[in-house]
Amino acid sequence: MDKISIFWFRRDLRVDDNKGLYEALTSGHKIIPIFIFDKNILQRLPKNDARLAFIHARITYIDKIFKEIGGNLLTFYSTPLEAFQSLSKSYTIENVFTNKDYEPYALERDHTIKEFLSSKNIGFKAYKDHVIFEEKEVVKDDGNPYKVYTPYSKKWLTKFSTIDFDFYPSEEHLNEIVTSENKAIHSMAELGFESTVIKIPDYDVSQQIIDEYEAKRNFPAIKGTSKLGLHLRFGSYSTRKAVQEARKSDNITFLKELIWREFFIQILWHYPHTINQAFKPQYDGIEWRNNEEDFKRWCEGKTGYPLVDAGMRELNATGFMHNRVRMLVGSFLCKHLLIDWRWGEAYFAEKLLDFEQASNVGNWQWVAGCGVDAAPYFRIFNPTTQIKKFDKDLKYIKKWVPEFQELTYVEQMVDHKFARERCLTTYKNALAKT
């Protein structure tokens with residue numbers, strides 16, 4: 001075979017409007033597309049992880065599309081370095097094309113792969129696809145990153161209004177894909193994983209959802225959100241298309257949520273230590289209680305506060321939790337129970353279908369009061385009054401906590417007033433030491 005190039009699928013599991021795939025397909029070489037089931041990642045996942053089942057289904061779908069035009073998708077179950085060592089022995093490779101990923105593990109992985117490919121005189125070309133603006137593209141006039149969302153979003157919108165907003169019709173050039181080793185995609189069982197009972201929700205980016213988003217997004221009992229998070233996370237839906245749909249609306253709230261996502265992505269890129277350290281270091285001095293039995297009750301949705309319990313039970317059953325409820329359950333864990341935000345972040349990382357490290361870390365630090373643009377530490381959600389505001393007809397609670405008005409329902413594990421005062425004292429003591 002003549003020289004070929006590789007396209008490496010990662011968080012871009014689609015064939016349409018895929019920047020890196022488009023660049024590969026129009027590069028003048030035949031393309032072998034690959035996907036790596038990365039052992040470094042898979043070994044940390046629960047064996048019934050629904051996200052892997054979703055990835056597997058997307059990979060199977062993409063392979064089917066490629067087979068219809070005479071190609072296929074080559075998969076590996078290995079580390080990325082092992083995969084490229086194998087590929088370099090089997091093919092004469094000109095370039096490896098891919099799309100950028102900005103999380104700390106991904107940056108380290110790509111540095112390793114780039115160095116290996118360079119040693120073989122193979123190019124490594126990575127493109128911006130996952131976001132509209134990356135890294136240092138939206139910063140203050142002095143070049144420093146924004147740490148507050150509102151000025152970041154204003155600069156984002158101003159910059160967006162000045163750029164040529166392009167799509168990349170990768171789907172029109174698939175005939176450049178060739179057949180590689182004709183081996184079947186690894187099955188879930190071969191990867192060491194079980195099937196899952198969790199159903200992947202359908203996304204909805206209709207104009208009605210976007211137009212009514214501000215009015216409906218805070219009420220968990222109604223259909224007011226897009227469920228797009230999972231698809232943005234794994235790139236099965238183009239971020240550019242999401243932004244395009246959002247800006248058709250006179251209501252900018254949905255677009256601003258997409259900007260929040262990019263805000264957190266650039267924060268993690270600039271401050272990778274925030275994965276396990278508070279952005280505001282003085283908050284690392286908080287003396288968390290970290291009671292394991294309390295944490296277990298929170299995880300299981302048995303706190304005695306029905307809106308908190310409803311959210312946790314929804315998460316455990318479906319892999320999804322309504323965003324308004326996420327704020328409440330996060331605040332309850334950190335401030336009512338005084339359990340380290342990192343415990344909650346890790347639990348969400350395991351359970352959420354739409355888990356995205358930047359947003360998960362950013363939002364958990366937000367509710368704990370220790371992150372960028374965070375809620376002040378003395379803002380402590382009252383889990384009872386939140387019901388009156390956002391589930392006054394109790395429809396959401398009745399769905400997930402049907403026993404909440406019965407004698408069998410668990411007692412409240414902590415009194416709200418007591419917990420609030422304890423939290424304020426604990427936080428004040430920590431901050432007084434700095």
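Everything numeric here is computed off the predicted structure, so don't read it as measured data.

Participant: Run through the overall build of the chain, naming residues and quoting values.
Facilitator: Of regular secondary structure, the chain possesses 19 helices and five strands. Structurally, the chain occupies a C-alpha span of about 70 × 50 × 45 Å along its principal axes. Looking at the chain as a whole, 55% of its 434 residues qualify as buried. Working note: accessible area of the chain is about 19,600 Å², and carbon and sulfur atoms make up 49% of it. Charge separation in the chain, taken as the distance between the mean sites of 62 positive and 60 negative side-chain charges, equals 3 Å.

Participant: Break down the layout of surface pockets for me, citing the residues and quoting the values.
Facilitator: What the largest pocket holds in volume is close to 1,100 Å³. Lining the largest pocket are 35 residues, and of these Tyr-213, Glu-257, Asn-323, Arg-326 and Asn-363 sit closest to its centre. Elements supplying a minimum of two residues to the lining of the largest pocket: α9 (229–233), α11 (253–270), α14 (323–336) and α16 (357–368). Partitioned by chemical class, the residues of the lining of the largest pocket number 16 nonpolar, ten polar and nine charged. Looking at the second largest pocket, its volume works out to about 930 Å³. The wall of the second largest pocket is formed by 35 residues, among which Ile-41, Arg-44, Leu-45, Arg-233 and Phe-355 lie closest to the centre. When residues of the lining of the second largest pocket are traced back to their parent elements, those giving at least two are β1 (4–9), β2 (30–38), α2 (39–42), α3 (50–68), α5 (104–119) and α15 (341–351).

Participant: Any chance you could break down the sheet that holds β1 for me, citing the residues and the numbers?
Facilitator: Reading across from one edge, β3-β2-β1-β4-β5 is the order of the five strands in this open sheet, with parallel pairing throughout. Here the strands that pair on one side only, and so sit at the sheet edges, are β3 (74–78) and β5 (123–127). Looking at each pair of strands side by side, their axes are set apart by 25° on average, direction ignored. The sheet contact formed by strand β4 (residues 93–99) and β5 spans five bridges and is parallel. Residue pairing for β5: Asn-95 is matched across the bridge by Gly-123. Of the strands in this sheet, β1, β2 and β3 are in contact with α3, which crosses β2 at around 165°. Relative to β3, helix α4 (residues 80–90) is tilted by about 130°, and along the sheet it contacts β1, β2, β3 and β4.

Participant: For empty space enclosed by the protein, give the residues involved together with the corresponding values.
Facilitator: This model, assessed by the stated rule, comprises six cavities of 30 Å³ or more. Here the largest cavity defines a volume of roughly 90 Å³. As for the largest cavity, its lining consists of Phe-264, Ile-267, Leu-268, Thr-274, Phe-279, Ala-358, Val-361, Gly-362, Gln-365, Gly-371 and Val-372. Taken together, the elements giving at least two residues each to the lining of the largest cavity come down to α11 and α16.

Participant: So, unusual backbone geometry: which residues are in play, and what are the values?
Facilitator: A positive phi is found at Asp-17, a non-glycine position, where the angle reads about 45°. Along the chain, Asp-17 turns up in the loop between β1 and α1 (19–25). A positive phi angle is found at Lys-227, which is not glycine, with a value near 55°. For Lys-227, the location among the structural elements is in the loop between α8 (213–216) and α9.

Participant: Can you lay out the environment of Lys-335 for me, pointing to particular residues and giving the numbers?
Facilitator: Position of Lys-335 among the secondary structure elements: in helix α14. Residue classification places Lys-335 among the buried residues on the basis of a relative accessible area of 0%. Remark: the alpha-carbon pair of Lys-335 and Phe-355, spanning 20 residues in sequence, is separated by 23 Å. Look past the residues within four positions of Lys-335 in its chain and what remains in contact with it is Val-367, Ala-368, Pro-376, Tyr-377, Arg-379, Ile-380, Ala-419, Cys-423 and Tyr-427. A polar side-chain atom of Lys-335 sits 3.3 Å from the main-chain carbonyl oxygen of Val-367. A distance of 2.8 Å separates the side chain of Lys-335 from the backbone oxygen of Arg-379, its partner in a polar contact.

Participant: Account for the packing of α4 against α5, naming residues and giving values.
Facilitator: When two helices pack together, their arrangement is captured by the angle between the axes and the distance separating the axes. Interhelical geometry of α4 versus α5 gives an angle of 25° and a closest axis separation of 10 Å. Between α4 and α5, the angle falls in the class roughly parallel. Of the two elements, α4 crosses α5, and the hand of that crossing is right-handed. Along its contact with α4, which presents Pro-80, Leu-81, Phe-84, Gln-85 and Ser-88, the element α5 presents Tyr-105, Arg-109, Thr-112, Ile-113, Phe-116 and Leu-117. Of the residues belonging to the contact of α4 with α5, the class tally is seven nonpolar, three polar and one charged.

Participant: Now, about the nonpolar core: what can you tell me, with residues and values included?
Facilitator: In terms of nonpolar packing, the biggest core is built from 56 residues, with Trp-298, Phe-348 and Tyr-427 touching the most fellow members. Of all elements in the fold, only α12 (292–300), α13 (306–318), α14, α15, α16, α18 (395–400) and α19 (416–432) reach the threshold of two or more residues within this core. Counting residues per element, this core draws most heavily on α14, which supplies seven residues. Each residue touching Trp-298, except ones within four places of it in the same chain, is listed here: Thr-303, Val-308, Met-312, Val-329, Phe-332, Leu-333, Leu-337, Gly-344, Tyr-347, Phe-348 and Trp-364. Core analysis: the next-biggest nonpolar cluster, separate from the first, contains 33 residues, Phe-133, Val-205, Ile-210 and Tyr-213 among them.

Parameters and conventions
Residues numbered from 1 in each chain as written. Predicted model: local features only at pLDDT ≥ 70, side-chain atom pairs only at ≥ 80, totals over all residues. Heavy atoms only, no water. Helix = DSSP H or I, 4+ residues; strand = E, 2+ residues; numbered from the N terminus. Buried < 20%, exposed > 50% of the residue type's maximum accessible area, 1.4 Å probe, protein only. Areas by Shrake-Rupley, 256 points an atom, 1.4 Å probe, with all protein chains shown as cover. Lys, Arg positive; Asp, Glu negative; His and termini not counted. Charge placed at Lys NZ, Arg CZ, Asp CG, Glu CD. 1 Å grid on protein atoms, 1.4 Å probe; cavity = no way out; pocket = protein on both sides within 12 Å on 5 of 7 lines; lining within 4 Å. Points joined across faces, edges and corners; volume = space filled by probe spheres on them. Nonpolar A, V, L, I, M, F, W, Y, C, P; charged D, E, K, R; others polar. Pairing = 2+ DSSP bridges. Axes fitted to C-alpha atoms, helices over the stretch in contact; angles between N-to-C directions. Contact = heavy atoms within 4.5 Å. Polar contact = N/O pair within 3.5 Å; in protein donor to acceptor, adjacent residues only side chain to side chain. Parallel < 35°, antiparallel > 145°, perpendicular 65-115°, else oblique. Left-handed = near helix turned anticlockwise from the far one by under 90°. Core = buried A, V, L, I, M, F, W, Y, C linked by side-chain atoms within 4.5 Å.

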